[in-house]
Amino acid sequence: MQEDTRNRIPRASIAIIGGSGTLSMDFPAALNRPEVEILGREMVFDTPYGPTPPLLLFRQGDKQVLTCRMHGWRSGINRADASRQIFWLFREAGVKKILAEGGVGTVNHLLDPRDMVIASDYIDQSMRKDVGLEGHYLLIMRQALCPHLRQELITAAEARPLHRVFRRGVYAVTDGRHFESPAEVAMLKGHADIIGQSLCPEVYLAREIGACYAGLYTIVNYGEGVVKDWDHSELSQIFYDDADKIGQVLLDVISRLDDKQTCGCADLRKPTLLKKVYGPSS
Ligand SMILES: CSC[C@H]1O[C@H](OP(=O)(O)O)[C@H](O)[C@@H]1O
């Protein structure tokens, strides 16, 4: 049953946007970490954009962490609205660092299913470019993926060796209820390494609220035409098999994080151009 927690917004300095990996388990409770205490499940909060999807709140050491499950709210809902609701809440809760995880396809023939990539940049091929909170235009998307958070993810992922970890890679963001055609994959080759549907508009909203953002992505399929005869039935098994490692990596990172943002991401949130035309960015 959903607990009604509207208008009682907790403090949380860190947020996790879960993907297909952590969705397949009772994250983070299933990982049996003694320092983790679940503070609330199925928490829904009122926002100017409507009630949020259900979130989970937990404490890890001295940090409070809000988590939402992307797939849990994607089906049948308006993704733009849900993104605004969640990031409005993150801002009000004081979230400064956001970690994401998700499943992706590969367009780079050097990568294989189960490899993990800490994305270093993105190309937005989605139709979600204009999703934001109030009044922020011309956001600077330099270091959209925080170098400090990325380094923490690399360190944590490499310390739990299971599959190959790639320290950088360009994530092409697509839209769809479908994967890409061979021609689309061929077009993306040479520009991107991995394809998924879960990085935008999140990076824009993170920048808008002045939070750092970085993600750990597990390859669950070859893009069409990269390797012939790929069987998509293997896709969800990879999520299930590797969910534990993905979740542990996220918690390992959280245990090392502090509240400081010495990376400069927070300073990049102020649009510097055309203030007179577009109005102030508070
Ligand atoms: C289940 S494969 C397609 C789906 O998986 C990824 O989502 P997530 O990042 O939440 O794991 C990808 O972006 C696609 O939307």
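Because the structure is predicted, anything quoted here is derived from the model rather than measured. (Residues numbered from 1 in each chain as written. Predicted model: local features only at pLDDT ≥ 70, side-chain atom pairs only at ≥ 80, totals over all residues. Heavy atoms only, no water.)

## A few points about the overall build of the protein
When its secondary structure is counted, the protein shows eight helices and 12 strands. Counting every position in the protein, which comprises 282 residues, the buried fraction comes to 55%. Sequence separation of 24 or more characterises 82% of the internal contacts of the protein that already satisfy a separation of 6 or more. Accessible surface, the protein as shown: approximately 12900 Å² in total, 50% of it carbon and sulfur. (Helix = DSSP H or I, 4+ residues; strand = E, 2+ residues; numbered from the N terminus. Buried < 20%, exposed > 50% of the residue type's maximum accessible area, 1.4 Å probe, protein only. Contact = heavy atoms within 4.5 Å. Areas by Shrake-Rupley, 256 points an atom, 1.4 Å probe, with all protein chains shown as cover.)

## Some words on unusual backbone geometry
Along the chain, Phe27 connects to Pro28 via a cis peptide bond; the corresponding omega equals 0°. Here Pro28 lies in the loop between α1 (20–23) and β3 (36–44). With omega at 10°, the peptide bond leading from Cys200 into Pro201 counts as cis. Relative to the elements of secondary structure, Pro201 occurs in the loop between β11 (194–196) and α6 (202–208). Phi at Asn32 is positive, roughly 55°, even though this residue is not glycine. Looking at the element boundaries, Asn32 is found in the loop between α1 and β3. In this structure Asn32 comes out as exposed when scored by relative accessible area, which is 66%. Although it is not a glycine, Arg114 sits at a positive phi angle of roughly 85°. Relative to the helices and strands, Arg114 is located in the loop between β6 (97–106) and β7 (116–118). Overall, the relative accessible area of 25% leaves Arg114 in the partly exposed class.

## Points about the pairing of strand β5 (residues 63–69)
Buried residues dominate β5, accounting for five of its seven residues. The turn joining strand β4 (residues 55–60) and β5, which pair antiparallel and follow one another in sequence, is formed by two residues; a positive phi near 65° is taken by Gly61. (Pairing = 2+ DSSP bridges.)

## Here we look at helix α4 (residues 147–158)
Between its first and last C-alpha, α4 extends 16 Å over 12 residues, near the 16 Å set by a 1.5 Å rise per residue. Every buried residue belonging to α4 is among Leu149, Arg150, Glu152, Leu153, Ile154, Ala156 and Ala157, and all of these are buried. Against the buried residues of α4 lie β6, β7, β9 (165–166), β12 (212–222) and α7 (234–256). (Expected span 1.5 Å × (residues − 1).)

## Focus on the pattern of salt bridges
Under the counting rule described, the total for this entry stands at 16 salt bridges. For Glu92, the salt bridge identified is with Arg91, shortest N-O distance 3.7 Å. A salt bridge links Arg167 to Glu158, with the nearest nitrogen and oxygen atoms 2.8 Å apart. We classify Arg167 as partly exposed; its relative accessible area is 46%. (Salt bridge = Lys/Arg side-chain N within 4 Å of Asp/Glu carboxyl O.)

## Topic: the confidence of the model for the protein
This prediction gives the protein a mean pLDDT of 89; 90% of its residues lie at or above 70. Within the protein, no element has a lower average pLDDT than helix α8 (residues 275–278), which sits at 51, and none a higher one than β9, at 98. With pTM at 0.93, the complex prediction returns an ipTM value of 0.96. (pLDDT = per-residue confidence, 0-100.)

## Brief notes about the packing of aromatic side chains
Under the defined criterion, the tally for this structure stands at four aromatic pairs. Ring centres of Tyr171 and Tyr217 lie 4.9 Å apart, and the angle between their planes is 75°; this geometry places the pair in the edge-to-face category. Of the two residues, Tyr171 sits in strand β10 (residues 170–173) while Tyr217 sits in strand β12, which places them 46 residues apart along the sequence. Each member of the pair Tyr171 and Tyr217 is classed as buried. (Phe/Tyr/Trp six-rings, centres within 6.5 Å; stacked < 30°, edge-to-face > 60°.)

## Digging into helix α3 (residues 79–93)
When the terminal C-alpha atoms of α3 are compared, their 21 Å separation across 15 residues agrees well with the 21 Å that a helix rising 1.5 Å per residue should span. Taken across its 15 residues, α3 has 11 buried, putting it largely inside the fold. The N-cap of α3, judged by a side-chain oxygen 2.9 Å from the amide nitrogen of Ala80 a few residues on, is Asn78. Just downstream of α3 lies Gly94, where phi reads positive at about 90°. (Polar contact = N/O pair within 3.5 Å; in protein donor to acceptor, adjacent residues only side chain to side chain.)

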